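Structural overview
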Amino acid sequence: MKVTFSVFLREQFAILSKPASYAPSLAGKTVVITGANVGLGFEAAQHPARLHPGRLILACRDPKKGKDAADAIRRVTGCENVEACTLDIASNASLKAFAEKFAKEIGKLDILVENAGVNVPKMERTDDGWEKNIGINHLGTAHLALRMLPFLLQASQPRVVILASDVHYLTTDPEGLNQVDVLHRLNSDKQTNKFESFNGIQRYNVSKTLNVLWGEELSKHIPSSSSLAVSTVNPGFCVSSLLRDQPFFLRVFNHLVGRSTEVGSRTIVHAAVAPALQGKTGVYLSSCRITEPSDFVISKEGQEAEKKIWAETLDILGQVDPEVTHVADQYLSK
Ligand SMILES: NC(=O)c1ccc[n+]([C@@H]2O[C@H](COP(=O)([O-])OP(=O)(O)OC[C@H]3O[C@@H](n4cnc5c(N)ncnc54)[C@H](OP(=O)(O)O)[C@@H]3O)[C@@H](O)[C@H]2O)c1
């Protein structure tokens, strides 16, 4: 599917139901939301807080911001079962520490919302050496999903929700993703073609295409004995701090047509709890509807790229965290 400007505008102003009108109780369930101190994550966390969760964990990179967000959500919703936990998905060490703490202190996970993300217009690297849009939005997200898998598989109807975006439709020359070692190529200082050379807007779009492809491929490796559902979600163009480093005109456009983060957060919570999505996995959602992703994603080349990216991601993560390889071998189908 292609998204035209008029389709984009129609979606922006679509009316979306509030989760309270259809969502079941989350009593006894554990929910983790990453990047929940601000923006879409902060708004999204307030919906489960009103559904009586067993535990609602705000996984934030800044402990003070995480604690302030947990305090605010407790105050606004009256839910006492909200806690903050430190997690920087740009850091392998932080990801490992989070997973180990989770294993020791909690053990079962019902809903994982992978919301944390960045939109970085300049070539910058994480401390682990990855270009930030790819390192955080794709590798950090994939790493967390894999480390949380053993805990998710202990729950009865678990869900993983990955924040993608409709900008994945705007990726230029997406066929460039269908190359061996594409993540390393995108990270190299010696880019050999236009697709690989750094362009901030395109790099973010590529990272969101990676989210769609990787989420879809993850769903294909969940063993048939598990009802774990994986979805990727477009929250719509929302007014948040995501574009803080982008040019002025883009921020003005964002304010003119952007959804509020509260409205955008309904799409995330819909993917995480809507009974209508029970049994649906590997889907891309937009405006609370299953939607066809880009022509590239569904093409033969896109599907080949998906497999290559899956294998390269497992390889990269396995080298820095052997537990990832162990999880893939023990819990995922080939
Ligand atoms: N806003 C939109 O129009 C839009 C559209 C489509 C998709 N999305 C996606 O929605 C998600 C949330 O974006 P947003 O608009 O709410 O942006 P935002 O207001 O900038 O919030 C991003 C959140 O992610 C956190 N984060 C960033 N890097 C992190 C890291 N390394 N480890 C842990 N947390 C990290 C941020 O923490 P700090 O506060 O510490 O920086 C913040 O809590 C992103 O994945 C984005 O790509 C947004």
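Reading the values: the criteria
- Residues numbered from 1 in each chain as written.
- Predicted model: local features only at pLDDT ≥ 70, side-chain atom pairs only at ≥ 80, totals over all residues.
- Heavy atoms only, no water.
- Helix = DSSP H or I, 4+ residues; strand = E, 2+ residues; numbered from the N terminus.
- Buried < 20%, exposed > 50% of the residue type's maximum accessible area, 1.4 Å probe, protein only.
- Contact = heavy atoms within 4.5 Å.
- Axes fitted to C-alpha atoms, helices over the stretch in contact; angles between N-to-C directions.
- Parallel < 35°, antiparallel > 145°, perpendicular 65-115°, else oblique.
- Nonpolar A, V, L, I, M, F, W, Y, C, P; charged D, E, K, R; others polar.
- Core = buried A, V, L, I, M, F, W, Y, C linked by side-chain atoms within 4.5 Å.
- Near = heavy atom within 4 Å.
- Polar contact = N/O pair within 3.5 Å; in protein donor to acceptor, adjacent residues only side chain to side chain.
- Pairing = 2+ DSSP bridges.
- Salt bridge = Lys/Arg side-chain N within 4 Å of Asp/Glu carboxyl O.

An unreviewed UniProt entry annotates the protein as NADP-binding protein of Dacryopinax primogenitus.

Things to note about the side chain of Thr 232
Relative to the helices and strands, Thr 232 is located in strand E6 (residues 229-234). Taking relative accessible area as the criterion, Thr 232 reaches 3% and is therefore assigned buried. If near-sequence neighbours (up to four positions away) are discounted, Thr 232 is found in contact with Ile 162, Ala 164, Asn 211, Val 212, Gly 215, Val 283, Tyr 284 and Leu 285.

Concerning the packing of helix H5 (residues 132-152) against helix H11 (residues 300-320)
The geometry of H5 relative to H11 is characterised by a closest axis approach of 11 Å and an angle of 75° between their N-to-C directions. Taken together, H5 and H11 sit at an angle that is classed as roughly perpendicular. Contacts between H5 and H11 involve His 138, Leu 139, Ala 142, His 143 and Leu 146 on the former and, on the latter, Ile 309, Thr 313, Leu 314, Ile 316 and Leu 317. Within the contact of H5 with H11, the residues separate by chemical class into 7 nonpolar, 3 polar and no charged.

Topic: the nonpolar core
Core analysis: the largest hydrophobic core is formed by 58 residues, its most contacted members being Met 148, Leu 177 and Trp 214. Per-element accounting of this core gives the leading share, 11 residues, to H5. The contacts of Trp 214, once residues within four sequence positions are left out, are His 138, Ala 142, Ala 145, Leu 146, Ile 162, Ile 309, Trp 310 and Thr 313. Core analysis: the second largest hydrophobic core is formed by 33 residues, Ile 33, Ala 36, Ala 274 and Val 283 among them.

Some remarks on the site of the ligand
Neighbouring the ligand are 29 residues, the closest being Asn 37, Arg 61, Tyr 204, Cys 238 and Ser 240. The side chain of Asn 37 places a nitrogen or oxygen atom 2.7 Å from an oxygen atom of the ligand. Between a nitrogen atom of the ligand and a main-chain N or O atom of Ala 90, the distance comes to 3.4 Å. Mapped by element, the contributors of at least two residues to the shell around the ligand are helix H2 (39-49) and helix H7 (200-220). Taken together, the residues of the shell around the ligand sort by class into 15 nonpolar, 9 polar and 5 charged.

Thoughts on unusual backbone geometry
Negative phi is the rule for most residues except glycine; trans is the rule for most peptide bonds. Within the chain, Asp 173 stands out as a residue other than glycine whose phi angle is a positive 45°. As for its placement among the helices and strands, Asp 173 is situated in the loop between strand E5 (159-163) and helix H6 (182-187). With a relative accessible area of 38%, Asp 173 lands in the partly exposed category.

Re the sheet that holds strand E4 (residues 111-114)
Spatial ordering of the open sheet is given by E3-E2-E1-E4-E5-E6-E7-E8, a layout of 8 strands whose pairing is mixed. Of all the strands in the sheet, the pair left with one neighbour each is strand E3 (82-86) and strand E8 (289-290). Where strand E7 (residues 283-286) and E8 come together, 2 bridges link them in antiparallel fashion. Bridging across to E8, Leu 285 finds its partner in Ile 290. Here H7 sits on the sheet and contacts E5, E6 and E7; the angle it forms with E6, its principal contact strand, is near 160°.

Structural notes on the pattern of salt bridges
Scanning the entire structure with this criterion turns up 20 salt bridges. Between Asp 71 and Arg 74 there is a salt bridge, with the nearest N and O atoms lying 2.8 Å from each other. Within this pair, Asp 71 and its partner Arg 74 are both found in helix H3 (residues 63-77), separated by 3 residues, close to a single helical turn. Linking Arg 125 and Asp 189 is a salt bridge whose minimum nitrogen-to-oxygen distance equals 2.7 Å. Of this pair, Arg 125 sits in the loop between E4 and H5 while Asp 189 is found in the loop between H6 and H7, placing the two residues 64 residues apart along the sequence.

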